[in-house]
Amino acid sequence: MNEDRFVRVGIRPEKEEPVLPGRAGRRKEFPFLSAGILSFIFLGCLLFPLFIQTDPAYLDLAHANAAPSRAFPFGTDALGRDLFAMIWHGGRISLWIGFAAAAVSTGIALVWGSASGLAPAWADALLMRLTDILLSIPSLILVLFLQALLGEPSALSLSLVIGLTGWADMAKVIRTEARQIRGSGYVTASRCMGGGFFHILWRHLTPNFISSILFMVVMSIRSAMAAEATLSFMGLGLPLETVSWGGMLALSERAFMTASWWVLWIPGGFLTATLLCVTQLGNYLRGRLNQKQSNL
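Residues numbered from 1 in each chain as written. Predicted model: local features only at pLDDT ≥ 70, side-chain atom pairs only at ≥ 80, totals over all residues. Heavy atoms only, no water.

## Let's talk about the layout of surface pockets
Put simply, the largest pocket is a space of about 560 Å³. If you go around the largest pocket, you meet 26 residues; those closest to its centre are Ser139, Thr165, Gly166, Asp169 and Ser223. Counting residues per element, the ones that place at least two in the lining of the largest pocket are α3 (83-118), α4 (121-136), α5 (139-150), α6 (155-164), α7 (168-181) and α9 (197-233). Broken down by element, the residue count for the lining of the largest pocket peaks at 8 residues, all from α9. Of the residues that constitute the lining of the largest pocket, the class distribution is 17 nonpolar, 8 polar and 1 charged. (1 Å grid on protein atoms, 1.4 Å probe; cavity = no way out; pocket = protein on both sides within 12 Å on 5 of 7 lines; lining within 4 Å. Points joined across faces, edges and corners; volume = space filled by probe spheres on them. Helix = DSSP H or I, 4+ residues; strand = E, 2+ residues; numbered from the N terminus. Nonpolar A, V, L, I, M, F, W, Y, C, P; charged D, E, K, R; others polar.)

## Here's the deal with the nonpolar core
A general trend in soluble globular proteins is that nonpolar side chains are found buried together. Core analysis: the biggest nonpolar cluster contains 27 residues, and Ile87 and Trp245 have the highest contact counts within it. Secondary structure elements with two or more residues in this core: α2 (32-51), α3, α9, α10 (245-249) and α12 (261-295). Element by element, the count of residues in this core is highest for α3, at 7 residues. Ignoring anything within four residues of it in the chain, the contact list for Trp245 reads Ile41, Cys45, Ile87, Gly90, Gly91, Ser94, Met225, Phe270, Leu271 and Thr274. Among the nonpolar cores identified, the runner-up in size contains 18 residues, and Leu110, Met170, Val187 and Leu201 belong to it. (Core = buried A, V, L, I, M, F, W, Y, C linked by side-chain atoms within 4.5 Å. Buried < 20%, exposed > 50% of the residue type's maximum accessible area, 1.4 Å probe, protein only. Contact = heavy atoms within 4.5 Å.)

## Describing the side chain of Ser34
The residue Ser34 is located in helix α2 in this model. Not counting chain neighbours up to four residues away, the residues in contact with Ser34 comprise Cys277 and Gln280.

## Considerations on the packing of α7 against α9
Direction vectors running N to C along α7 and α9 enclose 145°, while the axes themselves pass 10 Å from each other. Both α7 and α9 take part in a crossing whose hand is right-handed. Seen from α7, the contacting residues are Asp169, Met170, Val173, Ile174, Glu177 and Ile181; seen from α9, they are His204, Leu205, Asn208, Phe209, Ser212, Ile213, Met216 and Val217. (Axes fitted to C-alpha atoms, helices over the stretch in contact; angles between N-to-C directions. Left-handed = near helix turned anticlockwise from the far one by under 90°.)

## Some remarks on the pattern of salt bridges
Under the definition given, this model contains 5 salt bridges. Where Asp124 meets Arg175, a salt bridge forms, and the shortest distance between an N and an O atom there is 2.6 Å. You can see Asp124 sitting in helix α4 and its partner Arg175 sitting in helix α7, a full 51 residues away along the chain. Classification of Asp124 as buried rests on a relative accessible area of 5%. Note that Asp132 and Arg129 form a salt bridge whose closest N and O atoms lie 2.9 Å from each other. Of this pair, Asp132 and Arg129 both sit in helix α4, 3 residues apart, which is roughly one turn of that helix. Classification of Asp132 as partly exposed rests on a relative accessible area of 29%. (Salt bridge = Lys/Arg side-chain N within 4 Å of Asp/Glu carboxyl O.)

Put into C-alpha cells, the structure is as follows:
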C-alpha cells in the first residue's frame, strides 16, 4: 500500500515565531538605573531621621552661604541652613505632595470617567463637555484660584488643589475603557443582581483598565512634583519654614548674587533626577502596555 496517499493530521509541531528585523531593538528593557536612583532617593528621604540629627530648619547665620565641606557636605543657604539635611527632609515633602496629588486625581478620574462611560448618551456628553472646559483652562490658574480659596498654602492643601486640577486627561481615557466593557456579560450580570455603581466600578471596571491608566498615574506623580516646584519657585507655594525642593530652588536668585552655586545645583539636581527617573519608569510601563495590546 502506498503511504503517500495518506495525509497525516493532528497537532502540528510548534514553530518558533519569526523575529522581524529591528523588533528586538524596539523591545523596552526595564530601566534598572532609574529604578536604582529612585529607590536610593526614596530610602534616603524615608530613613533620614535615623542617620541625620541636624535640624533642617536651624538657622546658623555664622555659616551662611558656606561652600560644601566636611562639616556641610552640601553647603548651606543664605540663612545658614544645612542643605544636606534640607535635601532629605524636603524630599519627603515633595514626594508626599506628588503621591497624594496623584491619589486625589486618580480617585476623581476613576469615578468621573466610569460614570461617564456607564451613563446614557446625554449624561455622557454633558460630563465630557465639562471635562473639556476644565482642560481648556490653564492648570496653573486653577491651582492659584483654589489655593486662594483654601488660604495659606500647606503640603496638604497643595496636594488637594493639584489633584483637583489634574484628573481630566485620565478621566477621558477611563471613559473610553468603560464604554468598551460596559456591555460585557459580567457587568450585565452584576447589574441584574442589584450591583450598584461603586460595586461595578471596584469589582469589574477597575481591574480591567488599571493597566491602561498605570502610566498616567505614574506621570501624574511627576506632574504634581513639578507643579509644586514651579509654585514654590514663583513664591506662591509652601511657606519658607516648610522645606521642600521647590522651596529650596526659590532661593536661587540670592544664590546667583553670592555665587553660591550649590544652593541651586544640588536641589535642582535631585529634583531633575527624580523627575527623569519617574519619566523613564512611566515610559517603560507605556511600552509594556503597548506590547501587550499588540500581542492581543
